[in-house]
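Each chain is listed here by its residues.
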Amino acid sequence: MNKDYSVLLENLLGRRYDEALRESIISEAFEESEYAECLKYALEGMQEIDPSYAYKTFHITKRIQEKIEKAFAAINLNVDFRYQGAIQTETHVVLYGGVELLVLAKPGDNKPWVTVSRMAREILEVLSGDLSFKEVDYSSKLDIRLRTLKPTCEVKILPAIWLQNPEYTASKREIDRGISEYNLAKKTRRKYLPFLNIARINSKDTRCNGGLKKMIRLLCTLQRDAHEPIGLNNYQIGSMLYAIPEKQLKFNPEYSLSLIGVVSAQLNRIITDRNYREKLVSPSEKELVFGPSPLMKEEIQKLKNELDSLVADIQETLRAEGKTLYSEIKY
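Residues numbered from 1 in each chain as written. Predicted model: local features only at pLDDT ≥ 70, side-chain atom pairs only at ≥ 80, totals over all residues. Heavy atoms only, no water.

(A) Examining the overall build of the protein more closely. Within the protein, the regular secondary structure consists of 13 helices and 9 strands. Here the C-alpha atoms of the protein give a radius of gyration of 21 Å, agreeing with the 20 Å that 2.2 N^0.38 yields for 331 residues. Based on the C-alpha atoms only, the size of the protein along its principal axes is roughly 70 × 50 × 35 Å. Considering only contacts in the protein between residues 6 or more positions apart, those separated by 24 or more positions represent 65%. As displayed, the protein offers around 16,200 Å² of accessible surface, 49% of which is attributable to carbon and sulfur atoms. (Helix = DSSP H or I, 4+ residues; strand = E, 2+ residues; numbered from the N terminus. Rg over C-alpha atoms; globule rule 2.2 N^0.38 Å. Contact = heavy atoms within 4.5 Å. Areas by Shrake-Rupley, 256 points an atom, 1.4 Å probe, with all protein chains shown as cover.)

Below you can see the structure in the form of structure tokens.
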């Protein structure tokens, strides 16, 4: 075996541990099946976290929003709040996590990065000294990362600016609204349409019978447990898999492992075909996912290596039973 699956299963169960109940929230199939550990790790890694925990995470984030809202009102700083992140597509792999609170200012007289910097300072002041937070980290100078206590919850706060993009100007639909985020350390700006990205992931997954999100969760699980850091986020992983044709992503619960080969082939194409990688667009079709950055190829290769190691271990296990990835394996 390439991996120690007893350790990996401990990691997975730890991410899904409910401190109040003192147990990990996992599927019935995990407890009832007698599959080998590598299969259980892969199959459970594909599963959606109980939706009730998304509601609890939103409730925790809403309390943080209210603190910021109250402080901003006191200084006449007008902003809007929205949500993005893996929790919006049900692809989060942590029981309480995967949520990003957008704090959005309208374009104004100030230079946008000045506005973003001010918002970040005010948010940090609101959160500093609050004993309900185990960690408040703004080292990236892009988003503020929080870890709450009781329960332990991962939250990101992103100060950003609304865009007056032509799609929204024409339609006036919330789904078409764009935002502009600023990395103040790298002095870079990124414009994108988060709500359209979310909507298209959700829509395509429905048409694929859940196959798209299962594979996103599996790759995010592998990224979390990788032996070295992998510099990809949920958005990039989702975009890579979104580009796979629908008919190839159709999930059949009778053959739970059958899509893994499709995902491996897609990662291989992105790695080996430079033109395809550099022109790969987000689900909204308005943003390049990687562009010309040569560093992203290395990060995708790391993720593929993790997937290939898992596949090799699964194949070794199945071969002993006269089966393949495409055999009937229910979960």
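Back to the text.
(B) Inspection of the pattern of salt bridges at higher detail. The final tally for this structure, using the stated rule, is 24 salt bridges. For R82, the salt bridge identified is with E174, shortest N-O distance 2.5 Å. In this pair, R82 is assigned in strand β3 (residues 80-84) and E174 in the loop between α6 (166-171) and β8 (178-183), connecting sequence segments 92 residues apart. Under the relative-accessibility criterion, E174 is labelled partly exposed at 34%. The shortest N-O distance in the salt bridge between K302 and E228 comes to 3.9 Å. With K302 in helix α13 (residues 295-319) and E228 in the loop between α8 (211-225) and α9 (234-242), the pair connects residues that are 74 residues apart, well separated along the chain. The exposure class of K302 is partly exposed, given its relative accessible area of 21%. Members of the salt-bridge network, linked through shared partners, are E135, R147, E154 and R224. (Salt bridge = Lys/Arg side-chain N within 4 Å of Asp/Glu carboxyl O. Buried < 20%, exposed > 50% of the residue type's maximum accessible area, 1.4 Å probe, protein only.)

(C) Seen up close, the environment of R118. Looking at the element boundaries, R118 is found in helix α5 (residues 112-127). Those residues in contact with R118, other than ones at most four positions away along the chain, are I75 and L77.

(D) Spotlight on α5. Compared with the 22 Å implied by 1.5 Å per residue over 16 residues, the 23 Å span of α5 between its first and last C-alpha is a close match. Contact partners of the buried residues in α5: α4 (51-74), β4 (99-105), β5 (133-137), β6 (144-148), β7 (153-163) and β8. Backbone geometry just downstream of α5 places G129 in the positive-phi region, at approximately 85°. (Expected span 1.5 Å × (residues − 1).)

(E) Broad picture of the state of the cysteines. Evaluated as defined, the whole model comprises 0 disulfides. Just so you know, C208 is unpaired, no disulfide at all, and the nearest cysteine sulfur is the one on C220, 17 Å from it. (Disulfide = S-S within 2.5 Å.)

(F) Inspection of the nonpolar core at higher detail. Grouped together as the largest cluster of nonpolar side chains are 55 residues, with contacts concentrated most on M240, L257 and I314. Of all the secondary-structure elements, those providing two or more residues to this core are α1 (5-15), α3 (37-45), α8, α9, α11 (260-272) and α13. It is α13 that contributes the most residues to this core, 8 residues altogether. If we ignore the near neighbours within four places in the chain, the residues touching L257 are L39, L43, M46, I314, L318, L325 and I329. (Core = buried A, V, L, I, M, F, W, Y, C linked by side-chain atoms within 4.5 Å.)

(G) Main features of the layout of surface pockets. Estimates place the volume of the second largest pocket at around 200 Å³. As for the second largest pocket, its lining consists of N76, L77, N78, A105, K106, G108, D109, N110, V114, T115 and R118. (1 Å grid on protein atoms, 1.4 Å probe; cavity = no way out; pocket = protein on both sides within 12 Å on 5 of 7 lines; lining within 4 Å. Points joined across faces, edges and corners; volume = space filled by probe spheres on them.)

(H) Representation of the side chain of Q266 within the structure. For Q266, the location among the structural elements is in helix α11. Its relative accessible area of 6% is what places Q266 among the buried residues. Those residues within four positions of Q266 in sequence are excluded, and the remaining contacts are M240, A243, I244 and Y276.

(I) Representation of the side chain of N165. Position of N165 relative to the elements: it lies in the loop between β7 and α6. According to the relative accessible area criterion, N165 is buried, its value standing at 6%.

(J) Here's a closer look at α9. With respect to burial, α9 is a largely interior element, 8 of its 9 residues being buried. Those residues of α9 that sit buried are Y235, Q236, I237, G238, S239, M240, L241 and Y242. Packed against the buried residues of α9 are β9 (188-192), α7 (194-207), α8, α10 (246-249), α11 and α13. Structurally, the start of α9 carries an N-cap: the backbone nitrogen of Y235 is 3.2 Å from a side-chain oxygen of N233. (Polar contact = N/O pair within 3.5 Å; in protein donor to acceptor, adjacent residues only side chain to side chain.)

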